[in-house]
Amino acid sequence: MTPLLELEDVEARYGPVRALHGVSLSVGEGEVVAVLGGNGAGKTTTLRAISGLVSTAGEVRFAGERISRASPERVARAGIAHVPEGRGLFNELSVYDNLRLGAFLQRSGFDEDYERVRAHFPWLEDRRDQQAGTLSGGEQQMLAIARALMARPRLLLLDEPSLGLAPLVVREIFAILGDLNEKEGLAVLVVEQNAKLALRSSSRAYVLEVGRVALEGPSAELAENESVRKAYLGY
Amino acid sequence: MSRLATVRAAVTAVALVAGIVLVYFLPHADRIGYIKGSQLGVYFIAILGLNIVTGYTGQISLGHGAFMAIGGYTTAILVSEHGVRDLWTIPIAALVAGLAGFVVGVPALRLSGLYLALATFGLALAMPAILSWDKLDAVTKSGQEIQLFNSPHLLGKGFEDVHFLGRTLSFNHAVYYLTWGIALLLLAVAWLILRGAPGRAFRAVRDSELAATSSGVRVATYKTLAFAISAAYAGIAGSLFVIALAFADPQSFPATLSLTLIVGAAVAGLGSLWGVLAGAAFVQFLPDFAVHISKAQGVPDTVYGAALILIVLLLPTGVAGGLRRALSPLTTRLYTRSQSQ
Amino acid sequence: MTQFLQQVVAGLASGSIYALLALGIVIIYRSTGIVNFAQGEMATFTTFVAWTLVDHGVGYWGAFALTLVIAFAGGIALERTIVRRVEGGPVITAVILTIGLFILLGGLSNWIWKAEVRSFPPDRPFPTSAWDVGGVAISKQDAGILAVTVVLVLALWALFQLTKLGLALRASALNPTASRLVGIRVGWMLALGWGLAAALGAVAGLFTAAANPPLDPNMMRPVLIYALAAAVLGGLESPVGAIVGGLAIGVVLNLIVTYDTHVHLDLDRMRIPMAFLAILIVLLVRPAGIFGRTAVRRV
């Protein structure tokens, strides 16, 4: 069965600097896949390459369709929702407006989508008119995910959801992600520096180093892998 | 001396000689003549100054025409009202304009990029009205023309032959050589300033004020210094302009003059001295050229504006940037060679 | 007292024109970060287009509407072809580009229409007579200008605050990257901003022509500086600020010039320097303007 998302030998550059040197990975329908690696390994760039935010060489295919050099708008329309580094919220707008924008491409069914999202994040209703920028870090992250969900995506790209958040909040977020994956079959590609958490929440993982895939395999195996344990799990 | 330094010195020497030769032969070129040649020199000096403040310290000034006006009016008032010999008014004009540049440069410290551009744009637009204001009558003669023609303190009284070093030159010739003599001198001065410590400080400020401050560069000092120097240059240009015209009035320094100067600086390529002549030539000759296409009103501006837009789109780093790119295969070889020594 | 009120009303009318132009400047600045120095010349050009339409037999209000459409399309075209190439680049490049547009459009206006004396038909758009309201003479033209301005501002408010398109426009200005990630075609949103600004400029130009016949290619030069002053005063990112700023400058300038007869400072000819002074003071004291947000600079 063709994977939902396929990257084949993807290269990416920022001006003269090459950040990705031929990354190949895949995400299956309904799979949760993690991308690990240290700072500067190219994890964020990989997501940006999928979204069309950085110029790339190589092939990116989504649901069989080539999206290799598509614009971010086009990629969004294909059914990929990207929660970028920094969360990508509209800080000056209200929580409600952020959600409305998340549903921008949907012609109808806003109320149903809103209800669905509220089921996962009930507190959104109380804060509907609050400026997004005044929410706490954890709430902002959840709002960013909620906004992505409003687009009814088939694949969710998450860039370091745990960054700057307290462990309890992080656990809550990953629990919700697990829920979404199980109940709604949402595929997730999550970039994380928190390797332990990422490996526990995913079925497969890739380890990036200096813009290349250094290791890949089932998450359970990688968690036991000697070099992974030393480099990323601390023991 | 390393190979790179030798090459640099040689190129500079050649450029200097070429410059002198060019200046000598320029007026004989078709359709240029001594009058337009002098005007070119005036633009050259003003754009040189503007490049120092906008190109090297990154402060966008859309109001440098005002400093030209200050320099020009200083000369006009001193010659007509106080009987000062015109040549002596040039350094005085430089001083007065430079002081004005300092006065503007201090509040300019608080304004960044676009805001400074807006403020100086306002200055440029306000200048003609200020020059015509009744209340400044003593200085500006309320916008009436200040006539220098026939003044004994003016070079050749504005029309007679001038005697210099045993040779007799017509007024236009004399003005031409005066202008370009000063222009080349100012070019050398600018070159010296910019390759020295002040120049490095300027560039540091432009590239990152934060980094410059943490490296110990007194950003405020250098920014105001740049403003003052560039204003002094513009003042000299204005002074020479008035001497050539033999009169001064607000219409000689319209709002569009400031725009012309920044256009010249942009075409020249900010942050480099090489393109300044090209920039001055662009603003001087393109409108003339356009008039030859059609004498209809509005055509020169149309062509001029269109050319400007094209240059911004195709050559955003100006002539100097284009030169740098074109010559980069040569220069990279030089650099790598010297590194391996 | 009556003179005071009269001058206030007249000031509000001229201030409306500044406000409309300033609003265009703010819309462009908010979305693309560029100050459009050519805003005034764009207005002049479209006003001449309107005159040509009227000259060829189109009714005034028909020409008015048609001109708005043409201006709108022209603004979009400008952004899509030329302006987009300097967006996101160094400030100086965008500045030179809009100056180039300023010069080009000024030249085009002169070239195409030459320096003939032309006016719009009398009593267009509004009658030049006045009402007497309790001893205060209120010109119908001033009232008309104010009324149309109010309608336009309300329409724009509705567009930005009540529609999905308006939300997308606002989002594109606030966070272009995030906007693209939710599927908004940000490039076209920016183009739309230029289109709206051009249309607002067209209205400002038509009103200026009505208030100062005959038609003069340089008519928007002073209006531009007042509009810039208004935008800066209100806050370059604030549409409300542009409107309040414009009205304030209109009223204050009018009052100053009126009462100058008592102090004899010859201030009528010093309007532009006074506007410049306003710009300077605001930028030095509170650069964000009255309604702008003071940005905290993170070091």
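Residues numbered from 1 in each chain as written. Chains lettered and ligands numbered in written order. Predicted model: local features only at pLDDT ≥ 70, side-chain atom pairs only at ≥ 80, totals over all residues. Heavy atoms only, no water.

(A) Spatial organisation of the overall build of chain A. Scanning chain A from N- to C-terminus turns up nine helices and 10 strands. Against the compact-globule benchmark of 18 Å for 235 residues, chain A has a radius of gyration of 17 Å, which places it among compact chains. Principal-axis analysis of the C-alpha atoms gives chain A an extent of 45 × 40 × 35 Å. Within chain A, contacts between residues separated by at least 24 positions form 68% of all contacts whose residues are at least 6 apart in sequence. Each charge class in chain A was averaged separately, 27 positive and 32 negative side chains, and the resulting centres sit 3 Å apart. (Helix = DSSP H or I, 4+ residues; strand = E, 2+ residues; numbered from the N terminus. Rg over C-alpha atoms; globule rule 2.2 N^0.38 Å. Contact = heavy atoms within 4.5 Å. Lys, Arg positive; Asp, Glu negative; His and termini not counted. Charge placed at Lys NZ, Arg CZ, Asp CG, Glu CD.)

(B) Up close: the overall build of chain B. Scanning chain B from terminus to terminus reveals 14 helices and four strands. Among the 341 residues that make up chain B, the fraction classed as buried is 51%. Sequence-distant contacts in chain B: of pairs separated by 6 or more residues, those separated by 24 or more amount to 75%. Carbon and sulfur atoms make up 66% of the accessible area of chain B, which totals about 15,200 Å². (Buried < 20%, exposed > 50% of the residue type's maximum accessible area, 1.4 Å probe, protein only. Areas by Shrake-Rupley, 256 points an atom, 1.4 Å probe, with all protein chains shown as cover.)

(C) Fine view of the interface of chain A and chain C. Each partner contributes to the interface: chain A provides 23 residues, whereas chain C provides 19 residues. Of the roughly 1,900 Å² buried between chain A and chain C, counting both surfaces, carbon and sulfur atoms make up 65%. Linking chain A with chain C are four residue pairs in polar contact (both at pLDDT 80 or more). When residues of the side of chain A that touches chain C are traced back to their parent elements, those giving at least two are α2 (72-78) and α3 (95-102) of chain A. (Buried area = accessible area lost by both parts, 1.4 Å probe. Polar contact = N/O pair within 3.5 Å; in protein donor to acceptor, adjacent residues only side chain to side chain.)

(D) Region of the structure containing the pattern of salt bridges. Residues and elements named next belong to chain A. Evaluated as defined, the whole model comprises 20 salt bridges over all chains. In this structure, Arg74 engages Glu65 in a salt bridge whose closest nitrogen and oxygen atoms are separated by 2.7 Å. The exposure class of Glu65 is partly exposed, given its relative accessible area of 39%. Three or more residues are tied together by salt bridges with common partners; here these are Glu6, Glu8, Glu59, Arg61 and Arg66. (Salt bridge = Lys/Arg side-chain N within 4 Å of Asp/Glu carboxyl O.)

(E) How the structure looks around the packing of aromatic side chains. Tallied over the full model, the rule gives 18 aromatic pairs over all chains. Plain terms: the ring middles of Phe110(A) and Tyr114(A) are 6.0 Å apart, the flat faces sit at 5° to each other, and that makes the pair stacked. Separated by four residues within a single helix, Phe110(A) and Tyr114(A) lie in helix α4 (residues 110-120), roughly one turn from each other. A relative accessible area of 21% places Phe110(A) in the partly exposed class. By relative accessible area, which is 6% here, Tyr114(A) ends up buried. Consider the rings of Tyr60(C) and Trp61(C), whose centres lie 5.5 Å apart with planes at 90°: the pair is edge-to-face. Taking the relative accessible area as the measure of exposure, Trp61(C) reaches 41% and is therefore partly exposed. (Phe/Tyr/Trp six-rings, centres within 6.5 Å; stacked < 30°, edge-to-face > 60°.)

(F) Region of interest: the packing of helix α2 (residues 33-56) of chain B against helix α7 (residues 171-195) of chain B. Residue and element names in this part refer to chain B. Orientation of α2 relative to α7, taken along the N-to-C sense of each, is 20°, at an axis distance of 8 Å. In terms of orientation, α2 lies roughly parallel with respect to α7. With respect to the hand of their crossing, α2 and α7 are arranged in left-handed fashion. (Axes fitted to C-alpha atoms, helices over the stretch in contact; angles between N-to-C directions. Parallel < 35°, antiparallel > 145°, perpendicular 65-115°, else oblique. Left-handed = near helix turned anticlockwise from the far one by under 90°.)

(G) Summary view of the interface of chain C and chain B. Counting residues at the interface gives 45 residues for chain C, matched by 42 residues for chain B. Here chain C meets chain B over a buried area of about 3,900 Å², counting both sides, of which 83% is carbon and sulfur. When the buried surface of chain C facing chain B is broken down by residue, Ile96(C), Ile103(C) and Leu284(C) rank first, second and third, together holding 14% of it. Here chain C and chain B share zero salt bridges between them. Looking at the side of chain C that touches chain B, the elements that each hand over two or more residues are α4 (91-113), α9 (220-234) and α11 (271-285) of chain C. Residues of the side of chain C that touches chain B, tallied by class, amount to 34 nonpolar, six polar and five charged. (Nonpolar A, V, L, I, M, F, W, Y, C, P; charged D, E, K, R; others polar.)

(H) How the structure looks around the confidence of the model for chain B. Residue and element names in this part refer to chain B. In this model, chain B carries a mean pLDDT of 81, and residues with pLDDT of at least 70 account for 87%. Within chain B, the element-level pLDDT minimum falls on helix α14 (residues 318-339), averaging 64, and the maximum on helix α10 (residues 219-245), averaging 91. Residue range residues 337-341 is modelled with pLDDT below 50. Its contacts to residues more than four positions away, or to other chains, number three contacts. If you check the scores for this complex, the pTM reads 0.87 and the ipTM reads 0.91. (pLDDT = per-residue confidence, 0-100.)

(I) Summary view of α11(C). Taking 1.5 Å as the rise per residue, α11(C) with 15 residues should run 21 Å; its terminal C-alpha atoms sit 21 Å apart, in good agreement. Taken together, the buried positions of α11(C) are occupied by Pro273(C), Met274(C), Ala275(C), Phe276(C), Ile279(C), Val282(C) and Leu283(C). Buried-residue contacts for α11(C) involve α5 (113-131) of chain B together with α9 and α10 (239-263) of chain C. (Expected span 1.5 Å × (residues − 1).)

(J) Local environment of the sheet that holds strand β2 (residues 17-27) of chain A. Residue and element names in this part refer to chain A. The four strands are arranged β2-β1-β4-β5 in an open sheet whose pairing can be described as antiparallel. Since the sheet does not close on itself, it has two edges, and those belong to β2 and β5 (65-66), each with one partner. Pairing analysis gives six bridges linking strand β1 (residues 5-14) to strand β4 (residues 56-62), with the strands arranged antiparallel. Opposite Ala12, over in β4, you have Thr56 as the bridge partner. Along the sheet face, helix α1 (residues 43-51) touches β1, β2 and β4 and points at about 110° away from the line of β1. (Pairing = 2+ DSSP bridges.)

(K) Fine view of the nonpolar core. Within the largest apolar cluster, 194 residues are counted, with the highest numbers of intra-cluster contacts made by Leu62(B), Met68(B), Phe282(B), Phe120(C), Ile184(C) and Leu228(C). Here this core gets 16 residues from one element, more than from any other, and that element is helix α8 (residues 186-211) of chain C. Those residues within four positions of Phe282(B) in sequence are excluded, and the remaining contacts are Val263(B), Val267(B), Pro287(B), Tyr304(B), Ala307(B), Leu308(B) and Ile311(B). By size, the runner-up hydrophobic cluster in this structure holds 46 residues, among which are Phe121(A), Met150(A), Val170(A) and Leu197(A). (Core = buried A, V, L, I, M, F, W, Y, C linked by side-chain atoms within 4.5 Å.)

(L) Just the arrangement of the chains, in detail. Contacts between protein chains span two pairs of chains, and they are most numerous for chains B and C. The two units chain A and chain B are non-contacting; their minimal C-alpha-C-alpha distance is 16 Å.

(M) Representation of the packing of α7(B) against helix α8 (residues 197-207) of chain B within the structure. Residue and element names in this part refer to chain B. Contact geometry of α7 with α8 gives a least axis separation of 3 Å together with a crossing angle of 70°. As summarised for this structure, α7 and α8 are arranged roughly perpendicular, according to the angle between their axes. Here α7 contributes Ile193, Leu194 and Arg195 to the contact with α8, which in turn contributes Ala197, Pro198, Gly199, Arg200, Phe202 and Arg203. Its residues placed into classes, the contact of α7 with α8 shows five nonpolar, one polar and three charged.

(N) Representation of the sheet that holds strand β10 (residues 212-218) of chain A in the model. Residue and element names in this part refer to chain A. Here we have six strands laid out as an open sheet, ordered β6-β7-β8-β3-β9-β10, and mixed in their pairing. Looking at strand neighbours, the two that pair on one side only are β6 (80-83) and β10, the edges of this open sheet. Sheet twist, expressed as the average angle between the axes of neighbouring strands with direction ignored, equals 15°. In the packing of helix α9 (residues 226-233) onto the sheet, contacts are made with β9 (204-209) and β10, and the angle to β9 comes to roughly 70°.

(O) Inspection of the side chain of Thr302(B) at higher detail. Inspection of the secondary structure assignment puts Thr302(B) in helix α13 (residues 299-314). Those residues in contact with Thr302(B) that lie beyond four places of it in its chain are Leu104(C), Gly107(C), Leu108(C) and Trp111(C).

(P) Focus on the environment of Asn218(C). Note on placement: Asn218(C) falls in the loop between α8 and α9. Given the relative accessible area of 38%, Asn218(C) is considered partly exposed.

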